[in-house]
Amino acid sequence: FAKTRAAAGPDSDDEWDGDEDGRGSLLTELIETLMVQPRESPYYFELASTVHKWLQGTTQEEQEVVLRIRGFVRWLVIQLVANSKPKSPSMPSDAQQVLLDLTGELIKFNHQALHLFEHTILEVLSSIESQKQSPNAAAAAADADADANADEGGRGGGGGG
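Residue indices follow the written sequence of each chain, beginning from 1 at its first position. Only residues with pLDDT of 70 or above have their local features reported here, since the model is predicted, and side-chain atom pairs are shown and tallied only from 80 upward, although totals for entire chains, interfaces and linings are computed over all residues. Side-chain measures here rest on the full set of heavy atoms in the structure, leaving out hydrogens and waters.

Peer 1: Mind showing me how you'd approach the overall build of the protein chain here?
Peer 2: Looking only at helices and strands, the protein chain has seven helices and zero strands in total. With 161 residues in all, the protein chain has 32% of them scored as buried. When contacts within the protein chain are restricted to residue pairs at least 6 apart in sequence, those whose partners lie at least 24 apart make up 62%. For the protein chain, the accessible surface area stands at approximately 10200 Å², while carbon and sulfur atoms represent 53% of it. Segments assigned H or I by DSSP are reported as helices when at least four residues long, segments assigned E as strands when at least two residues long, and all are numbered from the N terminus. The buried label applies to any residue whose accessible area, calculated with a 1.4 Å probe on protein chains only, is under 20% of its type's maximum; exposed applies above 50%, and partly exposed to all values in between. Any two residues having at least one pair of non-hydrogen atoms within 4.5 Å are treated as being in contact. Note on areas: Shrake-Rupley with a 1.4 Å probe; residue coverage comes only from the protein chains shown.

Peer 1: Even after reading the chapter, I still don't get the environment of Asp94, so can you show me in this structure?
Peer 2: Along the chain, Asp94 falls in helix H6 (residues 93-107). With a relative accessible area of 48%, Asp94 lands in the partly exposed category. Along the backbone, Asp94 and Phe45 are 49 residues apart, and their C-alpha atoms lie at a distance of 7.6 Å.

Peer 1: Teacher, can you tell me more about the pattern of salt bridges here?
Peer 2: In a structure, side chains of opposite charge can pair up when their charged atoms sit close to one another. Should a side-chain nitrogen of Lys or Arg be within 4 Å of a carboxyl oxygen of Asp or Glu, the pair is scored as a salt bridge. Taken as a whole, this structure holds three salt bridges when the rule is applied. With a closest N to O distance of 2.8 Å, Arg74 and Glu123 form a salt bridge. Taken together, the residues Arg74 in helix H5 (residues 72-81) and Glu123 in helix H7 (residues 111-154) connect sequence positions 49 residues apart.

Shown next as C-alpha cells:
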C-alpha cells in the first residue's frame, strides 16, 4: 500500500497496487502468509508485528481493507481465544501480545470493527464449547455401548442360549 486512493486523489496515476478489498496487495499477502504460519514458525511474530505496525499508521478506511480479508478476523480471534496460553516455550508471550495490539489497532475508534469482533468472539466461543461437549457426548455414548455389550456378554452372549 504505497498510497490509498484517497491519498493519491481521483486523478492520480499513483494509486495503490490492489483492488478495493486489498486483494493483490503486499499487506494482503503478508496477512495471508501469517494466517498459514504455525505458531512455532520463526516468521509468525515478525509477520504479526509487521501487520501491527502498518495498522498503527492507518485510517479507519484503510483498516476496513484488513477487516475484509477473508477469514482474518476469525483467525485472529481463534489465535487470541483458543490459544490464549502458550503451550510450549516456542510460543513466546510476545507473539500473543502483538496479536492483542493488532486487534486493538483494528477496533480503536471503529464501532463496526468492534461489533464484528464481538460477533466473531461469541461465534468462536460457541464453537469451542460445542466441540468440548461433543467429545464428552461421544465418550458417554461409547461408554454406554460398552456397558450394553458387557451386559449382553454377561448374559450368555445375548443370543439364544
